[in-house]
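Chain by chain, the residues:
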Amino acid sequence: MTLATTLAAEPNENLAHISNVLIYSAMAVYLLAFFALMAEWLFGSRSKVSRTSAALTAQATDAAAPAAKAAGSSGPAVTVRAKGGTATLERPKQAAKAADSGAPKVVTRAAAGSRDVPDGPGAAAGDEQGDLYGRIAVSLIGLGFLIEVGGVVTRAMSVQRAPWGNMYEFNITFSSVAVGVFLTLLALKKNVRWIGLPLITSVLLDLGLAVTVLYTESDQLVPALHSYWLWIHVSTAIFCGAAFYVGAVSTIAYLFKDSYEAKLQSGGTPGRFATSVMERLPASASLDKFTYRMNAAIFPLWTFTIIAGAIWAGDAWGRYWGWDPKEVWSFITWVAYACYLHARATAGWKGRKAAYLALIAFGCWLFNYYGVNIFVSGKHSYAGV
């Protein structure tokens, strides 16, 4: 190796320092966005968030009439229980005709998730002041995203390689991609602005962990990582994780919103705070659909990620699969998401049961991301923390 080659391989400390400054600057901008998002939720009008309760109240009233007629008429009532859990009572046209002819009455139960509840107005609650804070927050998130991407790029330039050689670099890239997915969904006119607050909160925690516990000085890669598969395998893994994260946030929101709608439907009275938050979110059916579409769209890419990793392992270590902890947990994550997608296609496992599977699958991904890298030794331990 010549002296020129040796000098070229040395990290550029100036660019590495600029990268650190940009990452800290991005954190500062994200913190301002966090406060703006809090203001959007706090100062958005609460007087306009009554759509869900109004829809469910009207639905319950409409359902009570046919049920009462069925109970008061002659002949046994036949109950047809559709797929799902608790739902409202309805009478189809066939049941009305049967009532007139004196035949047995038929009462159907609508499937879970078919409450016909409209989506909420969003975090701003349809208020101009709340919407102003929301627009400021989105602008700050966009600015923070650009600064953070600059930090990732300069980190890569400092060592002239892909910036995914250790957990610190993986973290700063992952958080920037997660924010990028959020901004892309907003650009596509998707109703996801309510995700902003949990997203930025977790991004700040992720970056805080990166610059404190996981920070690693800019340095060259170990020989096993010198491959073009680093760009392919790791980049797809990061993108999949960011999309899975957005799906997990939507899953948690679905579980809370579904419980809220069920409580209203059964005549319960949620607290003021729960009402203020839940009424602004999309309907549980919309959240459930969004979660499924996110996970279903990314699952093939996660499959490709595992295949690409196996090919890279064959080039680097001479075997495609060796039951390394990272490989095992990547496969476990794949199986968990496959179970979730299968559950969605199975009658008895839709709704909340499928949502729990989605959270278990994301938990597997999180352990694969943090737990395996930090606490478990294996072939993939070369990256360090």
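For clarity, every value in this text was computed on a predicted model and none was experimentally measured. Each chain has its residues counted from 1, following the order in which its sequence is written. Reporting of local features is limited, given that this is a predicted model, to residues whose pLDDT is at least 70; pairs of side-chain atoms are given and counted only at 80 or more, and all residues count toward the totals for whole chains, interfaces and linings. Think of the side-chain values as coming from all heavy atoms in the structure, minus any hydrogens and water.

*Asks:* Just give me the short version of helix 7 (residues 196-212), but keep the residues and values in it.
*Replies:* In this description a helix means any DSSP run of H or I spanning at least four residues, a strand means any run of E spanning at least two, and both kinds are numbered starting from the N terminus. Each residue after the first adds 1.5 Å to the expected span of a helix. An ideal rise of 1.5 Å per residue puts 24 Å on 17 residues; helix 7 measures up with 24 Å between its terminal C-alpha atoms. Burial classes follow relative accessibility: with a 1.4 Å probe on protein chains only, a residue under 20% of its type's maximum area counts as buried, one over 50% as exposed, and anything between as partly exposed. If you check which residues of helix 7 are buried, you get Gly196, Leu197, Leu199, Ile200, Val203, Leu204, Asp206, Leu207, Ala210 and Val211. The contact criterion used is simple: two residues touch if any of their non-hydrogen atoms lie within 4.5 Å. Buried residues belonging to helix 7 abut helix 2 (13-43), helix 5 (128-159), helix 6 (167-187), helix 8 (229-265) and helix 12 (352-375).

*Asks:* I'd like a description of the pattern of salt bridges, backed by residues and values.
*Replies:* Here, a salt bridge means any side-chain nitrogen of Lys or Arg that lies within 4 Å of a carboxyl oxygen of Asp or Glu. Applying the stated criterion across every chain, the model contains seven salt bridges. Between Arg161 and Glu169 there is a salt bridge whose closest N-O contact spans 2.9 Å. Each member of the pair, Arg161 as well as Glu169, is classed as buried. Through salt bridges with shared partners, a single network forms among Glu40, Asp131, Arg135 and Arg193.

*Asks:* Any details on the packing of aromatic side chains? Residues and values, ideally.
*Replies:* Between rings of Phe, Tyr and Trp, where Trp is taken as its six-membered ring, a pair exists when centres lie within 6.5 Å; planes separated by under 30 degrees are stacked, by over 60 edge-to-face, and by other angles tilted. Scanning all chains against the criterion turns up 19 aromatic pairs. Considering the side-chain rings of Trp321 and Phe331, the 6.3 Å spacing of their centres and the 80 degrees angle between planes classify their relative orientation as edge-to-face. In this pair, Trp321 is assigned in the loop between helix 10 (284-317) and helix 11 (325-344) and Phe331 in helix 11, connecting sequence segments 10 residues apart. Three or more aromatic residues joined by ring pairs form one cluster here, namely Phe170, Phe174, Tyr245, Phe362, Trp365, Tyr369 and Tyr370.

*Asks:* Any chance you could break down a negative patch on the surface for me, citing the residues and the numbers?
*Replies:* Side chains of Glu10, Glu13, Glu217 and Asp219 sit close together on the surface and give a patch of like negative charge. Examined against the element boundaries, Glu13 turns out to sit in helix 2. Exposure above 30% relative accessible area and the lack of any salt bridge qualify a residue for a patch; like charges then connect within 9 Å, and the nonpolar side chains Val, Leu, Ile, Met, Phe, Trp and Tyr within 5 Å. Shrake-Rupley sampling with a 1.4 Å probe provides the accessible areas, and residues are treated as covered by the protein chains on show and by no other component. The positive count covers Lys and Arg only, the negative count covers Asp and Glu only, and His and the chain ends enter neither. Taken as the charge location is NZ of Lys, CZ of Arg, CG of Asp or CD of Glu.

*Asks:* Please provide a residue-by-residue account of the confidence of the model for the protein, values included.
*Replies:* Per-residue confidence for the protein averages 80 on the pLDDT scale, and 76% of its residues sit at or above 70. Every residue in residues 1-8 scores below 50 in pLDDT, and together they form two contacts with partners more than four places removed in sequence or on other chains. Residue range residues 68-113 is modelled with pLDDT below 50. Its contacts to residues more than four positions away, or to other chains, number 57 contacts. The pLDDT value expresses, per residue, how confident the predictor is, ranging between 0 and 100.

*Asks:* Account for the packing of helix 8 against helix 12, naming residues and giving values.
*Replies:* Under this scheme, a helix contributes an axis fitted over its contacting stretch, all axes are lines through C-alpha atoms, and angles between N-to-C directions fall in the 0 to 180 degree range. Their axes nearest at 9 Å, the elements helix 8 and helix 12 cross at an angle of 145 degrees. Judged by the twist between their axes, the crossing of helix 8 over helix 12 is left-handed. Across from Ala237, Gly241, Phe244, Tyr245, Ala248, Thr251, Ile252, Tyr254, Leu255, Asp258 and Ser259 in helix 8, the residues of helix 12 making contact are Arg352, Ala355, Tyr356, Ala358, Leu359, Phe362 and Trp365. Considered class by class, the residues forming the contact of helix 8 with helix 12 number 13 nonpolar, three polar and two charged. The sense of a crossing depends on the near helix, which, turned anticlockwise from the far helix by less than a right angle, makes the crossing left-handed and, turned clockwise, makes it right-handed. By the convention adopted, Pro, Cys, Tyr, Trp, Phe, Met, Ile, Leu, Val and Ala count as nonpolar, Lys, Arg, Asp and Glu as charged, and the other residues, Gly among them, as polar.

*Asks:* Tell me about helix 11, and please be specific about residues and values.
*Replies:* The α-helix advances 3.6 residues per turn, and as a result positions three or four apart in sequence lie on the same side. Here helix 11 spans 29 Å end to end across 20 residues, near enough to the 28 Å set by a 1.5 Å rise per residue. Considered for burial, the residues of helix 11 that qualify are Lys326, Glu327, Ser330, Thr333, Ala336, Tyr337, Tyr340, Leu341, Ala343 and Arg344. Along its buried surface, helix 11 packs onto helix 8, helix 10 and helix 12.

*Asks:* Explain a nonpolar patch on the surface to me, and be specific about the residues and the numbers.
*Replies:* Nonpolar side chains collect at one region of the surface, where Ile307, Ile311, Tyr320, Trp321, Trp323, Phe331 and Val335 lie side by side and expose about 700 Å² of accessible area between them. Those elements giving two or more residues to the nonpolar patch turn out to be helix 10 and helix 11.

*Asks:* Which residues make up unusual backbone geometry, and what values do they have?
*Replies:* Of note, Gln160 is a non-glycine position whose phi angle comes to about 55 degrees, a positive value. Along the chain, Gln160 falls in the loop between helix 5 and helix 6. Classification of Gln160 by relative accessible area gives exposed; the value is 65%. Despite not being glycine, Trp323 has its phi angle at roughly 55 degrees, a positive value.

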